[in-house]
Structures are given as C-alpha cells and as structure tokens.
Amino acid sequence: MKISIPPSWRTRLDRYRLKASKCRDCGRVAYPASSICRFCGSRNIEYIELINEEARLITWAIIYSAMEGFEEKRPLMIGILETINSKARIMAPLTDVLPEELKPGMLMEPVLRRISEDNEAGLIHYGISYRPVFKRVGV
Ligand SMILES: [Zn+2]
C-alpha cells in the first residue's frame, strides 16, 4: 500500500529542517528553498538543510503589540540571521533571550518550539526559532 503525505505536512517537515536551495552555478543558498535561483535565475539547484547550522544575528524587530493568541510571547522578537557556512538569510522568531541581550553578530542556533495552540482543534503548532548559543545547556 502506498501512503502519500498531504502537501501541508510535507512543507511543514521542510520547514522543521530549514530546507534551502543551493545553486550549483553561483553557489548561493536561498531559504526557503526555490527551484529557481533567486540570485542568477539558474535551475541547476540542489537542496540542503540548514537545521544543524548556527547563524549570526544580523538585525531584528521587537513587536510589543503581539496579535491575539500570542500574548504570552510578548514581546515577540523576529530576527534576520545569516547561517555560518551556507550564508543563507533566514527570518525567524528569536527565543530564550531578552530584547536587551540581543546584539548584532550574536551566535544563535535553531530550536524547535511551540508557536501556538489551537484549543478548538487541540492542535499544537511548532516552528523553528533561534536562541543564543550561550543559552544552550552545558556550554
Ligand atoms: Zn545562482
């Protein structure tokens, strides 16, 4: 029997692993993955995962007026990061850090975190956030 995974679930797995595309022509990495290189237009693409790569914080936004359902996350911190090896730019929520602790160039790592809970359906949504490497237990 063949079981096919619904497209939304497949995309979710890609998001959990930070699936990116690497151009075999210009060498640049794009996240989220794209079948066409956004830098040179080439279709000569390979897919890589960024989930094991640390990243440096480039800049961030702090949102104090979090939308309904995200009150406990206030202030919401959204960062733009660049992965160390692949040089991919990623926009993602920041976690385990206070706004005043954020610094440009700060070394961060991806972690899977609960994003929200759909109480009616009983679903818990997860997503990738970045936390400072210095907050990792045992470092
Ligand atoms: Zn390219």
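Sequence positions are assigned chain by chain, starting from 1 and proceeding in written order. Only residues with pLDDT of at least 70 are given local features in this predicted model, and only at 80 or more are side-chain atom pairs given and counted; all residues enter the totals for whole chains, interfaces and linings. To obtain the side-chain values, all non-hydrogen atoms of the structure were included, while hydrogens and water were left out.

An unreviewed UniProt entry lists the chain under the name Putative nucleic-acid-binding protein containing a Zn-ribbon, from Desulfurococcus amylolyticus DSM 16532.

Asker: Can you walk me through the sheet that holds strand E3 (residues 45-49) in this structure?
Answerer: Whenever strands of a sheet pair, they do so through backbone hydrogen bonds, lying parallel or antiparallel. A pair of strands is treated as paired once DSSP finds two or more bridges between them. By the criteria applied, helices consist of DSSP H or I runs no shorter than four residues and strands consist of E runs no shorter than two, each listed in order from the N terminus. Strand order in the open sheet formed by 3 strands is E2-E1-E3, and the pairing between neighbours is antiparallel. Looking at strand neighbours, the two that pair on one side only are strand E2 (29-30) and E3, the edges of this open sheet. Sheet analysis places strand E1 (residues 19-23) next to E2, joined by 2 bridges and oriented antiparallel. In the sheet register, Ser-21 faces E2, and the bridge partner there is Ala-30.

Asker: I'm lost on the layout of surface pockets in this one. Help?
Answerer: The probe, sized like a water molecule, is rolled over the atoms to show the empty space still left. Cavity and pocket criteria rest on a 1 Å grid covering protein atoms alone: a 1.4 Å probe that fits but cannot get out defines a cavity, protein on both sides within 12 Å along at least 5 of 7 lines defines an open pocket, and an atom within 4 Å of a point defines a lining residue. Grid points are joined across faces, edges and corners, and a volume is the space filled by probe spheres set on the points. As a volume, the largest pocket reaches approximately 310 Å³. Forming the walls of the largest pocket are 15 residues, and the residues nearest its centre are Lys-73, Leu-76, Pro-93, Leu-94 and Thr-95. Elements with a minimum of two residues in the lining of the largest pocket: strand E5 (76-83) and strand E7 (107-118). For the lining of the largest pocket, the leading source of residues is E7, giving 3 residues. Note on residue categories: nonpolar means Ala, Val, Leu, Ile, Met, Phe, Trp, Tyr, Cys or Pro, charged means Asp, Glu, Lys or Arg, and polar means any other residue, Gly included. Of the residues in the lining of the largest pocket, the class split is 9 nonpolar, 2 polar and 4 charged.

Asker: Please clarify how the sheet that holds strand E4 (residues 55-63) should be interpreted in this entry.
Answerer: The 5 strands are arranged E6-E5-E4-E7-E8 in an open sheet whose pairing can be described as antiparallel. A strand with exactly one partner marks an edge of an open sheet, and here the two such strands are strand E6 (89-93) and strand E8 (123-132). Neighbour-to-neighbour, the strand axes of the sheet open up by a mean angle of 25°, direction not taken into account. Strand direction decides the pairing type here: E4 and E7, joined by 2 bridges, are antiparallel. Residue Arg-56 lies in a different strand from E7, and its bridge partner there is Leu-107. In this analysis an axis means a line fitted to C-alpha atoms, helices contributing only their contacting stretch, and an angle means the value between N-to-C directions, from 0 to 180 degrees.

Asker: Help me understand unusual backbone geometry in this model?
Answerer: Comment: phi is negative for the bulk of residues other than glycine, and the bulk of peptide bonds are trans. Omega for the bond connecting Tyr-31 with Pro-32 falls within 30 degrees of zero, at 0°, which places this linkage in the cis form. Structurally, Pro-32 is set in the loop between E2 and E3. Notably, Leu-18 is not glycine yet its phi reads approximately 55°, a positive angle. Considering the arrangement of structural elements, one finds Leu-18 in the loop between helix H1 (7-16) and E1.

Asker: Just checking my understanding: could you explain empty space enclosed by the protein for this structure?
Answerer: This structure, assessed with the given rule, holds 1 cavity of 30 Å³ or more. There is about 30 Å³ of room inside the largest cavity. Per-element accounting of the lining of the largest cavity gives the leading share, 3 residues, to E1. Looking at the lining of the largest cavity residue by residue, the class counts come to 5 nonpolar, 2 polar and 3 charged.

Asker: Quick question: what am I supposed to make of the coordination of the zinc ion here?
Answerer: The expected angle between donors at a tetrahedral four-coordinate metal is 109.5 degrees. At an octahedral six-coordinate metal it is 90 or 180 degrees. Taken together, Cys-23 (SG), Cys-26 (SG), Cys-37 (SG) and Cys-40 (SG) make up the full set of protein donors to the zinc ion, lying 2.3 to 2.4 Å away. Note on donors: an N, O or S atom is included if it sits within 2.8 Å of the metal, or within 3.2 Å for Na, K and Ca, and water is never included, so sites can look incomplete. The motif formed by the donor residues of the zinc ion, counted along the single chain, is C-x2-C-x10-C-x2-C. Here Cys-23 is found in strand E1, whereas its partner Cys-40 is found in the loop between E2 and E3, with 17 residues between them in sequence. With a 1.4 Å probe rolled over the protein chains alone, any residue whose accessible area is under 20% of its type maximum counts as buried; one over 50% counts as exposed, and the rest are partly exposed. Residue class for Cys-23 comes out buried when judged on its relative accessible area of 2%.

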